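In case you want the letters, here they are:
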Amino acid sequence: MVSHDARWRQRETSASRNDIVIKFSEVVKNFSKKDPSSSSSCVPEVGARPRWPHPFDYNSLMKAFSHAGEVEEVLRLFREMKEDFHCGPDVVCYTSVVDSLATANRPEEAVAVFEEMVSAGVIPDTAAYTVLVKLYSCHLKRFDSAYEVIRWMTKCGCVPDVITYSTLIAGLCWADRVEEALGVLDQMLEEECRPNVHTYTPIVQAYCSRGRIEEARRLVDAMDAIGCPPNTVTYNVLIQALRKIRAFDEVEKLLKHSDAKGWKPDVVTYSIYMDGLCEFGRADKAWEQLQVMLGKGLRPNAVTVNILLDCLCRGSKAPEAKRLLERSAELEWDADVVNYNTVMSRLRDAGKWLSVLKLFSDMIKKGIATNSRTFSIVIHSLCKAGKLDWAKCIFNSRGFVANIVTYTTLIHYFHVAGKVDEAHALFYEMVEENVVPNQITYGVMVKCLCRERKFLEAIGCFYRSLEDGFSPNLFACLTYWLVRGKRLMEILSLLQWILRQGYIIDFCVVRGLINAFCREGCCQSREIYILSHVLDKILGTR
DNA sequence: GATTAGAACC
C-alpha cells in the first residue's frame, strides 16, 4: 500500500513529472523492442542503430527521477538495468544511484550500493568517491568518515578534485566548523588544487549565517583579488545577510555596482531584496523593485510572486492578493500551488472561508495540482467557520489526500464542537490509514479524553505518544487535566514512571503543575500532603 | 550522449 506521505510527495512533484515524460520519450526513441532471447550485450554494433538501451539512457532517466525526488523509480530502473537487460551498470550509473539515495536521506542504502559497485568489480572514480564525501560531510556530519574516504580514494590512486574538497568544505560550513573548513582550504592550496567560487561561497555563507558580516565582506573582496571573482550566488548569499540586518543601502550599492564588478543580479537577487523590504514594512519599495526587474528583462517566478502576495497579505490586503491570483494568467505570472496556499492560509486566518473556497475552485479550474496543504487549509477554514459537515464532505471526497495536519485539524474541531465520537472515529481511521499521529494529535486526543473524564485512556494515549519521543508539553497538558480532575494518585504514579524512564521534566512542566494545583485550590489536609509529595518527586528533594 | 559542489518564498 502506498503511504499517505508518498502519495503527498507524488502530488508535490507532479509538475516535474512532465519533464520526466519528455526525457523518457527521448530515451524511448533509442529503444527498440525488448528481445529477451537475443544476446544480452548492450553495446550496439558499429554503425547500427542501438537495439538495447545504453547505460547513457538509463542514466538520463535516473537523473530525471532523482531530480524529481522519486528515488523508488531510480531504484526500479537500476534493478531493471541489472535484471532485465543483464547490462551491468557502469560507474556513472552507480554514482547516480548512490547520490540519489544520499540526497533522499537513505544513507545505509547509499553505502550498500557503493559497496555493491566495488564488489561487482566496477572501479569508483573521483565523482563516485565525492558522492560518498557528500554523504558523510553534508548529510551525516560524520567528518571523520569523510576524511577517511578522501584518504582511501587517494590510496586507490584517485585524486580528490576541487569538487571533492568544496563538498567537504560545504559540509563543514553547514555544521558551523568554519575554522576547520579554512584548514581544508589550506590543504587544497598545498596540494595545488585550485579553489573556485564553489569553494569560497559556502564559507561566505557560514560567516553570514553566524552574523560575521564583516568577515563575509572581506572574503568577497578577497575573492576578487585572488582571481576567483564572486558570482551571482555569492552576492545573493551576502545580500541575504545584509537584508537580515536591514542594510538596504548597502544592498542598493551592491546592485548599482554589479556591472562594474562583473556579475548580474538575477531573479533570486531581487526576490531576496524584495522579501527583506516587505518584511520591514517597505512594500512600496518592494513593488518598485519588481519594475526594476521587469525593466532588466527578468520575469518573476513563483517564489517572487509568493513574496509579493505574502507582502500584500501581511498588509491586510489579502483580498487584493486573491484578485491578483485570479488574474495570474493575464499578468503572465506562473502561479503555483504554494502561491495559492499562501493566500488561502492568510484568508483562512482572517476568517474569509468563502474566499478560500473560491480560490480552491479557481485552482481546480486552472488545473493547478493541489496538495495536502491546500486541503488542510480548506478544511481548517471551514471548521473555523463552524461548517464541520462541509469540511467532512470535502474530506471524504475522491482524490483527497489527507495528511497528519488534516486529520489533527478535523479531530480538534470535532472535539471543540463536542462531537467526541466523531473525533475518536477519525483518530482510529487515521491509524488504520497509516497516518502516524504526532505530538499535536496526541495533545488533542488527551484533552478530548480528559474532558470526558476518561483519565486512564488519556494516560494510555500519552504512553502511546512516547513512541514518538517524550514531549514535555504533552506531559504538562496531561498533568494539568489530571490536577483538574483531582487524580493526584495517577499523577504520582505517572511521575514515578516518567522519572524511572530517565525523561527530563523541565521547569515549564513544574510551573504548569504548580499553577494547576493553585488554581484548583489543592491546599487542604491530605491533598496538600500529596501535592508536597508530588513536587518533591519532581524537584528531587526527597 | 551520462556521474560529483553553493542562493530566495510557504
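Residues numbered from 1 in each chain as written. Chains lettered and ligands numbered in written order. Predicted model: local features only at pLDDT ≥ 70, side-chain atom pairs only at ≥ 80, totals over all residues. Heavy atoms only, no water.

Points about the side chain of Thr-201
For step 1, the next point in the chain: Within the secondary structure, Thr-201 sits in helix 11 (residues 197-209).
For step 2, the next point in the chain: Using a relative accessible area of 9% as the deciding quantity, one classes Thr-201 as buried.
For step 3, the next point in the chain: A polar contact is formed between the side chain of Thr-201 and the backbone oxygen of Val-197, at a distance of 2.7 Å.
For step 4, the next point in the chain: Each residue touching Thr-201, except ones within four places of it in the same chain, is listed here: Val-233, Thr-234 and Val-237. (Helix = DSSP H or I, 4+ residues; strand = E, 2+ residues; numbered from the N terminus. Buried < 20%, exposed > 50% of the residue type's maximum accessible area, 1.4 Å probe, protein only. Polar contact = N/O pair within 3.5 Å; in protein donor to acceptor, adjacent residues only side chain to side chain. Contact = heavy atoms within 4.5 Å.)

Looking at the pattern of salt bridges
For step 1, the next point in the chain: Applying the stated criterion across every chain yields a total of 25 salt bridges.
For step 2, the next point in the chain: Note that Lys-63 and Asp-99 form a salt bridge whose closest N and O atoms lie 3.8 Å from each other. Placement of Lys-63 in helix 3 (residues 55-67) and of Asp-99 in helix 5 (residues 91-103) is noted, with a sequence separation of 36 residues between them.
For step 3, the next point in the chain: What makes Lys-63 partly exposed here is its relative accessible area of 36%.
For step 4, the next point in the chain: Exposure remark for Asp-99: the relative accessible area of 14% places this residue in the buried category.
For step 5, the next point in the chain: Put simply, Lys-63, Asp-99 and Lys-134 are held in one network by salt bridges that share partners. (Salt bridge = Lys/Arg side-chain N within 4 Å of Asp/Glu carboxyl O.)

So, the environment of Gly-469
For step 1, the next point in the chain: Here Gly-469 lies in the loop between helix 27 (455-465) and helix 28 (472-484).
For step 2, the next point in the chain: Residue Gly-469 is classed as partly exposed on the basis of its relative accessible area, which comes to 27%.
For step 3, the next point in the chain: For the pair formed by Gly-469 and Tyr-503, sequence separation is 34 residues and the distance between their alpha carbons is 9.6 Å.

What about the protein's contact with DNA strand B?
For step 1, the next point in the chain: As a structural note, the neighbourhood of DNA strand B is formed by 43 residues, with Phe-56, Asp-90, His-198, Asn-231 and Asn-236 the closest of them.
For step 2, the next point in the chain: Sugar and phosphate atoms form 31% of the subset of DNA strand B atoms that lie within 4 Å of the protein.
For step 3, the next point in the chain: The separation between a base nitrogen of DNA strand B and a polar side-chain atom of Asp-57 is 3.3 Å.
For step 4, the next point in the chain: A distance of 3.3 Å separates a base oxygen of DNA strand B from a polar atom in the side chain of Asn-306.
For step 5, the next point in the chain: With five residues, helix 13 (residues 232-244) is the single largest residue contributor to the surface near DNA strand B.
For step 6, the next point in the chain: Residue composition of the surface near DNA strand B, grouped by class: 14 nonpolar, 19 polar and ten charged. (Near = heavy atom within 4 Å. Nonpolar A, V, L, I, M, F, W, Y, C, P; charged D, E, K, R; others polar.)

So, helix 16 (residues 267-279)
For step 1, the next point in the chain: Between its first and last C-alpha atoms helix 16 spans 18 Å; for 13 residues at 1.5 Å apiece the expected length is 18 Å, and the two agree.
For step 2, the next point in the chain: Within helix 16, ten of the 13 residues are buried, leaving the element largely enclosed by the surrounding structure.
For step 3, the next point in the chain: On its buried face, helix 16 is in contact with helix 13, helix 14 (248-256), helix 17 (283-295) and helix 18 (302-314).
For step 4, the next point in the chain: Where helix 16 begins, the side chain of Asp-266 points an oxygen toward the backbone nitrogen of Val-268, at a separation of 3.0 Å.
For step 5, the next point in the chain: Of the residues trailing helix 16, Gly-281 is marked for its positive phi of about 75°. (Expected span 1.5 Å × (residues − 1).)

A word on the nonpolar core
Among soluble globular proteins, nonpolar side chains are generally buried collectively.
For step 1, the next point in the chain: One finds Met-344, Phe-462, Phe-475 and Leu-478 to be the most contacted residues of the largest nonpolar core, which totals 162 residues.
For step 2, the next point in the chain: Setting aside chain neighbours within four positions, we find Phe-462 in contact with Val-446, Phe-470, Leu-474, Phe-475, Leu-478, Leu-494 and Ile-498. (Core = buried A, V, L, I, M, F, W, Y, C linked by side-chain atoms within 4.5 Å.)

Observations concerning the packing of aromatic side chains
For step 1, the next point in the chain: Under the defined criterion, the tally for this structure stands at 19 aromatic pairs.
For step 2, the next point in the chain: Ring geometry for Tyr-129 versus Trp-152: centroids 5.8 Å apart, planes at 75°, classification edge-to-face. In this pair, Tyr-129 sits in helix 7 (residues 126-139) while Trp-152 sits in helix 8 (residues 143-155), placing the two residues 23 residues apart along the sequence.
For step 3, the next point in the chain: Residue Tyr-129 is classed as buried on the basis of its relative accessible area, which comes to 3%.
For step 4, the next point in the chain: We classify Trp-152 as partly exposed; its relative accessible area is 39%.
For step 5, the next point in the chain: Of the aromatic side chains, those joined through ring pairs into one cluster are Phe-462, Tyr-463, Phe-470, Phe-475, Trp-497 and Tyr-503. (Phe/Tyr/Trp six-rings, centres within 6.5 Å; stacked < 30°, edge-to-face > 60°.)

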